[in-house]
Amino acid sequence: MPDAVKKALTNGTMGKKYDLSFRVKPSFLTGDFNGDGKMDTAVLIKERSTGKIGIAIVYGTTGQVTILGAGIGIGQRRR
């Protein structure tokens, strides 16, 4: 896992709320997930308080993190 990604997810608020999960291998994937031409990283995480699993996307350009799942709703079910 890239050091910048590990730092973004283990320092500060993120590090207090989530743990990196190594439940599957590889535990992270890289790709251009937001279409800006830069490589981003998706990492499997677990919310500490509930144990819920999710994905954290760390954007390569900014280092910002988006959480999908892990106690945070992803969207509403369509009928």
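Owing to the predicted nature of the structure, the values given are computational and were not obtained by experimental measurement. (Residues numbered from 1 in each chain as written. Predicted model: local features only at pLDDT ≥ 70, side-chain atom pairs only at ≥ 80, totals over all residues. Heavy atoms only, no water.)

Enquirer: Help me understand the overall build of the chain, please; the structure alone is not making it clear to me.
Expert: What the chain contains, in helices and strands, is two helices and five strands. Mapped in sequence order, the helices and strands of the chain form the string α-α-β-β-β-β-β. Rg of the C-alpha trace for the chain: 13 Å, near the compact-globule value of 12 Å for 79 residues, within the 12% margin. Dimensions of the chain, computed from C-alpha atoms along their principal axes, come out at roughly 35 × 35 × 25 Å. Counting over 79 residues, the chain shows a buried share of 28%. Put simply, of all contacts in the chain between residues at least 6 apart along the chain, 35% involve residues at least 24 apart. For the chain, the computed accessible surface area is about 5,600 Å², with 51% contributed by carbon and sulfur atoms. Positive and negative side-chain charges of the chain, numbering 13 and 6 respectively, have mean locations separated by a distance of 10 Å. (Helix = DSSP H or I, 4+ residues; strand = E, 2+ residues; numbered from the N terminus. Rg over C-alpha atoms; globule rule 2.2 N^0.38 Å. Buried < 20%, exposed > 50% of the residue type's maximum accessible area, 1.4 Å probe, protein only. Contact = heavy atoms within 4.5 Å. Areas by Shrake-Rupley, 256 points an atom, 1.4 Å probe, with all protein chains shown as cover. Lys, Arg positive; Asp, Glu negative; His and termini not counted. Charge placed at Lys NZ, Arg CZ, Asp CG, Glu CD.)

Enquirer: When you look at the pattern of salt bridges in this model, what are you seeing that I'm missing?
Expert: Opposite charge on two side chains permits them to pair, given that their charged atoms come into close proximity. For the structure on display, the rule yields one salt bridge. Of the charged contacts in the structure, one is a salt bridge between arginine 48 and aspartate 19, with a shortest N-O distance of 2.8 Å. Separated by 29 residues along the polypeptide, arginine 48 in the loop between β3 (40-47) and β4 (53-58) and aspartate 19 in strand β1 (residues 18-20) bring together distant segments of the chain. Relative accessible area serves as the criterion here: at 28%, aspartate 19 is assigned to the partly exposed category. (Salt bridge = Lys/Arg side-chain N within 4 Å of Asp/Glu carboxyl O.)

Enquirer: I keep staring at the environment of tyrosine 59 and nothing clicks. Help me out?
Expert: Counting through the fold element by element, tyrosine 59 comes out in the loop between β4 and β5 (65-69). In this structure tyrosine 59 comes out as buried when scored by relative accessible area, which is 18%. As for tyrosine 59 and proline 2, which are separated by 57 residues in sequence, their C-alpha atoms are 12 Å apart. Those residues within four positions of tyrosine 59 in sequence are excluded, and the remaining contacts are Asn34, Asp40, Gln64 and Thr66.

Enquirer: What should I look at first to understand the nonpolar core in this one?
Expert: Across soluble globular proteins, nonpolar side chains show a tendency to be buried alongside one another. Within the largest apolar cluster, nine residues are counted, these being Val5, Leu9, Tyr18, Val43, Ile45, Ala56, Val58, Ile67 and Ala70. Those elements that place two or more of their residues in this core are α1 (3-10), β3 and β4. (Core = buried A, V, L, I, M, F, W, Y, C linked by side-chain atoms within 4.5 Å.)

Enquirer: Help me understand the environment of isoleucine 45 in this model?
Expert: Considering the arrangement of structural elements, one finds isoleucine 45 in strand β3. Along the chain, isoleucine 45 and tyrosine 18 lie 27 residues apart, while their C-alpha atoms are 6.4 Å from each other. Once residues within four sequence positions are removed from consideration, isoleucine 45 is found in contact with Tyr18, Asp19, Leu20, Ser21, Lys52, Ile53, Gly54, Ile55, Ala56, Ile67 and Ala70.

Interpretation note: all reported values are geometric properties and have no functional meaning in isolation.
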